[in-house]
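# Residue-level structure breakdown
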Number of protein chains: 4
Amino acid sequence: MSSSSPQARRGNTRQRIQDIALELFAEQGYEKTSLREIAERLEVTKAALYYHFKTKEDIIISVFEDLTRPIDELIEWAEQQPRTLETKREVLRRYSEAMAAGSPLYRFMQENQATMRELSIGETVKRRLFTLVELLRTEDGPLTDQVRCVSALFTLHAGMMFLQHVEGDPEETRQAALEVATDLITQAHQAS
Amino acid sequence: MSSSSPQARRGNTRQRIQDIALELFAEQGYEKTSLREIAERLEVTKAALYYHFKTKEDIIISVFEDLTRPIDELIEWAEQQPRTLETKREVLRRYSEAMAAGSPLYRFMQENQATMRELSIGETVKRRLFTLVELLRTEDGPLTDQVRCVSALFTLHAGMMFLQHVEGDPEETRQAALEVATDLITQAHQAS
Amino acid sequence: MSSSSPQARRGNTRQRIQDIALELFAEQGYEKTSLREIAERLEVTKAALYYHFKTKEDIIISVFEDLTRPIDELIEWAEQQPRTLETKREVLRRYSEAMAAGSPLYRFMQENQATMRELSIGETVKRRLFTLVELLRTEDGPLTDQVRCVSALFTLHAGMMFLQHVEGDPEETRQAALEVATDLITQAHQAS
Amino acid sequence: MSSSSPQARRGNTRQRIQDIALELFAEQGYEKTSLREIAERLEVTKAALYYHFKTKEDIIISVFEDLTRPIDELIEWAEQQPRTLETKREVLRRYSEAMAAGSPLYRFMQENQATMRELSIGETVKRRLFTLVELLRTEDGPLTDQVRCVSALFTLHAGMMFLQHVEGDPEETRQAALEVATDLITQAHQAS
DNA sequence: AATGAATGAGCCTTCATTCAT
DNA sequence: TATGAATGAAGGCTCATTCAT
């Protein structure tokens, strides 16, 4: 699998910490995962983690920043586009892709919302979500249409998290979720 | 709100523990809430908690059992009904109501999924969710329709959790979410 | 020496922690003394210390408060007396006695000044010392006389700390230091 | 003050380490100052410190040796002089000057006595102090006169440390302290 | 019905130090 | 003349839990 000779590990310890940490955080939750555990899996000492990251929180923050950059870029892009239906569809498409690419992180965020709220990145996540909704929704439309936009986003999440446990091919499921989500914003868009 | 004179508290300590515990668990998360904190808020000692509950987990379990009974009853009822659209609508309606009635618990479960998975009740929650989906969905329909059913459920959740932070009147929002969810299963139902 | 059967220790653990802690702090310094060490000497666990005190700092603070009360009382008393030479002599006399009574603490404070400065009590100590000087000195006298008053106080400290290592009978040394200190303030008092 | 361009720093790193270390040790205490902190202030790595000094203790020792040489020379000189009052006065004068010249170190030693005791130089300091007292005092005189000699030394210390926080011009204060100290040994000398 | 006192395990973090490069 | 990467030991502190009273 991954090379495990001490020489081969040189120079990429930081990356390895991020990988293992995310894996464990997603699997067991943030608070239930101790730095001891992460260190053991990497066959280094706890102190080595502190050479690369200032705190436990720092580890998840760094992973977060790496893996959510696409979302930031998506938002930046979308803010410059006209608020057309096609733009909204593209937003959902790219959002779905970004989630698929960083799926363990998104799973982590979904399942550790209480933790996220106390983390310094929690605020960022929240703001980002609101901005995204803002980009999808139609101002002054009926309440149900606002809900449909939020629902579209949550459908993508559901597609990633929940549905994967049930249905068959992940990619196929993701596409189906994307279709349903697109349907929802389409309804909302056309109503107004 | 609740009576706070020492005499008035006599005999209902168990209930008070459950109330405060749920409040704190929902607010700060399960692991971040210590028994010390709960005890302090109740102005009793930690040891007193152990008179009423065997473990920390026991507290949340007991709350869970009290507040999710309506869901169990809903499932029992639905399983005896014909799989008509009207039945499905009724399921959503009652599910939405149950969530509104025990909202701190549902918020807790949503925001502490990682924790729930390790708790003994986690399995129950999961099974219940699957059963609910089973009752809503149409077998052998296209994948998108299956997704729509799951999405309907998640829309109700979104209506409770996320939307409350944004829109105005909670009850109005809940109704809107219910309407969107009903729409979704209606589409799914009619397609087949 | 002290009773060491578990029964006999019941109920006075708090006191025992204070005693041993002060002893170790005075012997090895504050930072060099770990809670583990204190706990081991008491044959309890570290956690037991935390039942009785909120932090390590809390331990030394509580000892400090117990053992410096006489100084506070002395200051209160002195502030109500006329600023006569006799009053000043009495201040020195009682100060010397208070130090003798709580000598390990005073040794600790003298030898851990850098630490004291960071502790919350550091400020108190400093203020108290200034007040004491204020009570002894003669306003508007020549600078040398001000120095003599400070010097008198330091002579008492020297009598406690340094001289004990050298000369013979502690009590005799203390009396000698007191005499020299009294001489110093007498000179300062009469000059003006 | 000190040149800070990288080129200018070449070759005097050792000196810079000593300077910053002493500054921090005096400011925050020995144990509270970490090598990381020193390295950061110098904008080098911790490992660089180990190129110049074998251990943390080594740093303070080297500073100590540089700055206390005058005292050693003073003692050597005094031991060859007749035990006259004039000699004693000269001892105090030069001692006071040496302290003024290396004041951060002397402040450090005063405020970190507990630490000093564990350091290898602690013994040296103590021995030196005893020798100094020996040179000032009059053998076989009454105990109070012995105390006066010790008190004279402590007065100089007080003049450096404590009084600086209060009175105005440092140099003036130092002179006043020297005068009081001289008075004390004069009394002691003449009594016999 | 509840308290006082304590425990054992574990947590995050920091430190002085080392060594190959 | 220094750095990058890591270690071993320890530190202060918190937690869920227990039990005699």
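The rules behind each value
- Residues numbered from 1 in each chain as written.
- Chains lettered and ligands numbered in written order.
- Predicted model: local features only at pLDDT ≥ 70, side-chain atom pairs only at ≥ 80, totals over all residues.
- Heavy atoms only, no water.
- Axes fitted to C-alpha atoms, helices over the stretch in contact; angles between N-to-C directions.
- Helix = DSSP H or I, 4+ residues; strand = E, 2+ residues; numbered from the N terminus.
- Parallel < 35°, antiparallel > 145°, perpendicular 65-115°, else oblique.
- Left-handed = near helix turned anticlockwise from the far one by under 90°.
- Contact = heavy atoms within 4.5 Å.
- Nonpolar A, V, L, I, M, F, W, Y, C, P; charged D, E, K, R; others polar.
- Domains from an automatic or database assignment.
- Buried area = accessible area lost by both parts, 1.4 Å probe.
- Salt bridge = Lys/Arg side-chain N within 4 Å of Asp/Glu carboxyl O.
- Polar contact = N/O pair within 3.5 Å; in protein donor to acceptor, adjacent residues only side chain to side chain.
- Least-squares fit on C-alpha atoms with pLDDT ≥ 70 in both.
- Buried < 20%, exposed > 50% of the residue type's maximum accessible area, 1.4 Å probe, protein only.
- UniProt positions renumbered as here; feature names shortened; annotations may be inferred.
- Near = heavy atom within 4 Å.
- pLDDT = per-residue confidence, 0-100.

As recorded in an unreviewed UniProt entry, chain A goes by the name TetR/AcrR family transcriptional regulator, listed as coming from Streptomyces vinaceus.

On to the packing of helix H2 (residues 13–28) of chain B against helix H7 (residues 103–111) of chain B, then. To characterise two packed helices, one gives the angle between the axes of the helices and the distance between these axes. Residue and element names in this part refer to chain B. Running from N to C, H2 and H7 point in directions that differ by 40 degrees, and their axes come no closer than 8 Å. In terms of axis orientation, H2 runs oblique to H7. Seen from above, H2 lies across H7 with left-handed handedness. Contact residues: Leu22, Phe25 and Ala26 in H2; Pro104, Leu105, Arg107, Phe108 and Glu111 in H7. Classifying every residue of the contact of H2 with H7 by side-chain character gives six nonpolar, no polar and two charged.

What follows deals with the packing of helix H6 (residues 85–101) of chain B against helix H10 (residues 143–160) of chain B. Residue and element names in this part refer to chain B. Packing of H6 against H10 brings their axes to within 10 Å, and their N-to-C directions diverge by 30 degrees. Taken together, the axis directions place H6 and H10 in an arrangement best described as roughly parallel. H10 is crossed by H6, and the crossing has right-handed handedness. Along the contact surface, H6 presents Leu92, Tyr95, Ser96, Met99 and Ala100, while H10 presents Leu153, Leu156, His157 and Met160. Broken down by class, the residue content of the contact of H6 with H10 amounts to seven nonpolar, two polar and no charged.

Okay, the domain arrangement of chain A next. Residues and elements named next belong to chain A. For chain A, the assigned domains read domain 1 (1–54) and domain 2 (57–191). Contacts between the two partners involve 13 residues from domain 1 and, on the opposite side, 16 residues from domain 2. The largest per-residue losses of area from domain 1 upon contact with domain 2 belong to Leu22, Ala26 and Tyr30, which jointly make up 46% of the total buried on that side. If you look at where domain 1 meets domain 2, you find zero salt bridges. Remark: the boundary between domain 1 and domain 2 carries four residue pairs in polar contact (both at pLDDT 80 or more). Broken down by element, the residue count for the side of domain 1 that touches domain 2 peaks at seven residues, all from helix H2 (residues 13–28). Grouping the constituent residues of the side of domain 1 that touches domain 2 by class yields eight nonpolar, two polar and three charged.

To continue, consider the relation of the copies chain D and chain C. The transform that puts chain D on chain C rotates by 180 degrees and translates by 0.0 Å along the axis, for an RMSD of 0.1 Å. Taken together, the turn and the small shift mark the pair as related by a two-fold rotation axis. Among all residues of chain D, the one whose C-alpha sits closest to the rotation axis is Asn112(D), at a distance of 2.8 Å. Both copies contact each other with a shared surface, as 98% of the interface residues of chain D are interface residues in chain C too.

This part covers the pattern of salt bridges. Here the idea is simple: oppositely charged side chains can pair when their charged atoms come close. One pass over the full model with this rule turns up 52 salt bridges over all chains. Between Glu90(A) and Arg93(A) there is a salt bridge, with the nearest N and O atoms lying 2.3 Å from each other. Taken together, the residues span about one helical turn, with Glu90(A) and Arg93(A) both in helix H6 (residues 85–101) at a distance of three residues. The salt bridge partner of Asp66(B) is Arg69(B), with a shortest N-O separation of 3.7 Å. Here Arg69(B) and Asp66(B) lie together in helix H5 (residues 56–79), a separation of three residues that amounts to about one turn. On the basis of relative accessible area, Asp66(B) is assigned to the partly exposed category, the value being 40%.

A few words on the UniProt feature "domain: HTH tetR-type" (unreviewed entry) in chain A. Look at the UniProt record and you will see "domain: HTH tetR-type" (unreviewed entry) annotated at residues 11–71 of chain A. Along residues 11–71 of chain A, the helical share is 77% and the strand share 0%, with 29 Å between the first and last C-alpha atoms.

This part covers the protein's contact with DNA strand F. The full set close to DNA strand F counts 34 residues, and Tyr51(A), His52(A), Tyr50(C), Thr45(D) and Tyr51(D) are the nearest of them. Near the protein, meaning within 4 Å, the atoms of DNA strand F are sugar or phosphate in a fraction of 63%, with bases accounting for the rest. At 2.5 Å from a phosphate oxygen of DNA strand F is found a side-chain nitrogen or oxygen belonging to Thr45(D). Elements represented by at least two residues in the surface near DNA strand F include exactly helix H4 (46–52) of chain A, helix H3 (35–42) and helix H4 (46–52) of chain B, helix H3 (35–42) and helix H4 (46–52) of chain C together with helix H4 (46–52) of chain D. Within the surface near DNA strand F, the residues separate by chemical class into 14 nonpolar, twelve polar and eight charged.

Neighbouring DNA strand E are 34 residues, the closest being Tyr50(A), Thr45(B), His52(B), His52(C) and Lys56(D). A share of 63% of the atoms of DNA strand E within 4 Å of the protein falls on sugar and phosphate groups. Thr13(B) has a polar side-chain atom sitting 3.2 Å from a phosphate oxygen of DNA strand E. A distance of 3.3 Å separates a base oxygen of DNA strand E from a polar side-chain atom of Lys46(D). Elements with a contribution of two residues or more to the surface near DNA strand E: helix H3 (35–42) and H4 of chain A, H4 of chain B, H4 of chain C together with helix H3 (35–42) and H4 of chain D. For the surface near DNA strand E, the residue count by class is 14 nonpolar, twelve polar and eight charged.

The next point concerns the interface of chain D and chain C. In this assembly, 42 residues from chain D lie in contact with 41 residues from chain C. Of the roughly 3,600 Å² buried between chain D and chain C on both sides combined, carbon and sulfur atoms contribute 64%. Considering only the side of chain D, the residues that lose the most area to chain C are Leu143(D), Phe154(D) and Phe162(D), jointly responsible for 16% of the buried surface there. For Asp183(C), the salt bridge is made with Arg148(D), and the minimal N-O distance between the two is 3.1 Å. Summed over the shared surface of chain D and chain C, the number is 13 residue pairs in polar contact (both at pLDDT 80 or more). Those elements that place two or more of their residues in the side of chain D that touches chain C are helix H2 (13–28), helix H7 (103–111), helix H8 (113–118), helix H9 (120–136), helix H10 (143–160) and helix H11 (170–191) of chain D. Here the side of chain D that touches chain C gets ten residues from one element, more than from any other, and that element is H10(D). In terms of residue class, the side of chain D that touches chain C is made up of 17 nonpolar, twelve polar and 13 charged.

Let us look at the UniProt feature "DNA-binding region" (unreviewed entry) in chain A. Per the UniProt entry, the sites bearing "DNA-binding region" (unreviewed entry) are residues 34–53 of chain A in this numbering. From the first C-alpha to the last, residues 34–53 of chain A spans 14 Å; its make-up is 75% helix and 0% strand.

Rotating chain A by 180 degrees and translating it 0.0 Å along the rotation axis places it on chain B, where the RMSD comes to 0.1 Å. Both copies contact each other with a shared surface, as 100% of the interface residues of chain A are interface residues in chain B too.

Glancing now at the confidence of the model for chain A. Counting all residues, the mean pLDDT for chain A is 91, and 94% of those residues have values of 70 or more. Residue range residues 1–8 of chain A is modelled with pLDDT below 50. Its contacts to residues more than four positions away, or to other chains, number three contacts.

Spatially, chain A is disjoint from chain C: no contact exists, and the shortest C-alpha separation is 21 Å. At the level of C-alpha atoms, the two units chain B and chain C stay apart, their nearest approach being 12 Å.

Facing 41 residues of chain A, the contacting portion of chain B comprises 41 residues. Looking at the side of chain A facing chain B, the largest losses of area belong to Leu143(A), Phe154(A) and Phe162(A), adding up to 16% of the total buried there. The interface formed by chain A and chain B holds six salt bridges in total. Among the salt bridges present, the one from Glu118(B) reaches Lys32(A), with a minimum N-O distance of 3.6 Å. Inspection of the chain A/chain B interface yields 14 residue pairs in polar contact (both at pLDDT 80 or more). Elements with a contribution of two residues or more to the side of chain A that touches chain B: H2, helix H7 (103–111), helix H8 (113–118), helix H9 (120–136), helix H10 (143–161) and helix H11 (170–191) of chain A. Broken down by element, the side of chain A that touches chain B gets its largest block of residues, ten residues, from H10(A). Looking at the side of chain A that touches chain B, its residues break down into 17 nonpolar, eleven polar and 13 charged.

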